[in-house]
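The primary structure of each chain is shown beneath.
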Amino acid sequence: MRLNSCTKKEYNSICCERIFELGVNQEELEMTYEELVKLAKDTYEKADASAVKEHVAIQFNVTGEAEGAFYLEVKEGKVSVEPYEYYDNDVVVTAEDKVLKDIADGKLGLEKAYLTGKIKATGNLKKALLLKDVKTAKKAAAKKAPAAKKAPAKKAAAKPAAKKEAAPKAAAKKAPAKKAPAKKADNK
């Protein structure tokens, strides 16, 4: 089938088949601006922001294939994400779309992204760091998985602690032996 004579639906079908044939990972494909904003909405609007007691407004300037701007606002324990610029913002974050996708997916933290130069931020950076206190479902799932792995390590650590408790008892028995030589010194 020739591409210039097919419908949009047929064209999309052909492209999907070709992507499958080439073995391209669907996640590696560029995402659109609308998809990135939807991902941010899905990630943060259902999140628990009750730990954030301040108003926070962060504008994200997106570069790359999904170029555009959107904002994330935390207000009264709720998060809203909208595909607009926020002129009275606390922080402006500029990053590539792939980096913001990794942040929204929980693969990359905002602080680490800033420290490694993957994002640029201007404004009140302390307010940007409050985003760490927003508990998304992805962050909660990430914390539950390692906690299950660490549980056996805590049990192993408890056993040596019991041995350490036995050590002071042995020292207490030696203490009278030290006093005895001191008495001998008094007898001389």
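Please read all numbers here as calculations on a predicted model, not as lab measurements. (Residues numbered from 1 in each chain as written. Predicted model: local features only at pLDDT ≥ 70, side-chain atom pairs only at ≥ 80, totals over all residues. Heavy atoms only, no water.)

**Quick look at the environment of tyrosine 84**
Then, number 1: Structurally, the position occupied by tyrosine 84 is in the loop between strand S3 (78–82) and strand S4 (91–96).
Then, number 2: Taking the C-alpha atoms as reference points, tyrosine 84 and glycine 68, separated by 16 residues in sequence, lie 8.7 Å from one another.
Then, number 3: Apart from residues no more than four positions distant in its own chain, tyrosine 84 is found in contact with Tyr33, Ala69, Phe70 and Tyr71. (Helix = DSSP H or I, 4+ residues; strand = E, 2+ residues; numbered from the N terminus. Contact = heavy atoms within 4.5 Å.)

**Let's talk about unusual backbone geometry**
Then, number 1: Even without being glycine, glutamate 76 reaches a positive phi, approximately 55°.
Then, number 2: Residue position: glutamate 76 is located in the loop between strand S2 (68–75) and S3.

**Describing a nonpolar patch on the surface**
Then, number 1: The grouping of Tyr114, Leu115 and Leu125 at the surface amounts to a nonpolar patch, some 290 Å² of accessible area in total.
Then, number 2: Turning to its location among the elements, leucine 115 is positioned in helix H4 (residues 110–115).
Then, number 3: A residue is classified by how much of its surface remains accessible, and leucine 115, at 66% relative accessible area, is exposed. (Patch = residues over 30% accessible without salt bridge, like charges linked within 9 Å, V, L, I, M, F, W, Y side chains within 5 Å. Areas by Shrake-Rupley, 256 points an atom, 1.4 Å probe, with all protein chains shown as cover. Salt bridge = Lys/Arg side-chain N within 4 Å of Asp/Glu carboxyl O. Buried < 20%, exposed > 50% of the residue type's maximum accessible area, 1.4 Å probe, protein only.)

**Examining the environment of phenylalanine 70**
Then, number 1: Counting through the fold element by element, phenylalanine 70 comes out in strand S2.
Then, number 2: Each C-alpha atom, one on phenylalanine 70 and one on leucine 36, is 9.5 Å from the other, the two residues being 34 residues apart in sequence.

**Things to note about the side chain of threonine 136**
Then, number 1: Considering the arrangement of structural elements, one finds threonine 136 in the loop between helix H5 (125–129) and helix H6 (137–187).
Then, number 2: Each residue touching threonine 136, except ones within four places of it in the same chain, is listed here: Thr43, Tyr44 and Ala47.

**Digging into the pattern of salt bridges**
Then, number 1: Within the structure shown, the criterion is met by seven salt bridges.
Then, number 2: Among the salt bridges present, the one from lysine 38 reaches aspartate 42, with a minimum N-O distance of 2.8 Å. Residue lysine 38 and its partner aspartate 42 are located together in helix H2 (residues 33–44), separated by four residues, close to a single helical turn.
Then, number 3: Taking the shortest distance from any N to any O, the salt bridge between lysine 127 and aspartate 90 comes out at 3.8 Å. Residue lysine 127 is located in helix H5, and its partner aspartate 90 is located in the loop between S3 and S4; the two are separated by 37 residues in the primary sequence.

**Quick notes on the sheet that holds strand S1 (residues 56–63)**
Then, number 1: What the five strands build is an open sheet, ordered S3-S2-S1-S4-S5; its pairing is mixed. Each edge of the open sheet is held by one strand with a lone partner, namely S3 and strand S5 (119–123). This sheet shows a mean twist of 20° between the axes of neighbouring strands, independent of strand direction.
Then, number 2: The strands that H2 touches are S1, S2 and S3; relative to S2, the one it contacts most, it runs at about 10°.
Then, number 3: Where helix H3 (residues 97–104) meets the sheet, its contacts fall on S1, S2, S4 and S5, and the angle it forms with S4 comes to roughly 110°. (Pairing = 2+ DSSP bridges. Axes fitted to C-alpha atoms, helices over the stretch in contact; angles between N-to-C directions.)

**A closer look at empty space enclosed by the protein**
Then, number 1: A complete count under the given rule lists one cavity of 30 Å³ or more for this structure.
Then, number 2: In this structure, the largest cavity encloses a volume near 100 Å³.
Then, number 3: Looking at the lining of the largest cavity, the elements with two or more residues in it are H2, S2 and H3.
Then, number 4: For the lining of the largest cavity, the leading source of residues is H2, giving four residues.
Then, number 5: Per-class residue counts for the lining of the largest cavity are eleven nonpolar, no polar and no charged. (1 Å grid on protein atoms, 1.4 Å probe; cavity = no way out; pocket = protein on both sides within 12 Å on 5 of 7 lines; lining within 4 Å. Points joined across faces, edges and corners; volume = space filled by probe spheres on them. Nonpolar A, V, L, I, M, F, W, Y, C, P; charged D, E, K, R; others polar.)

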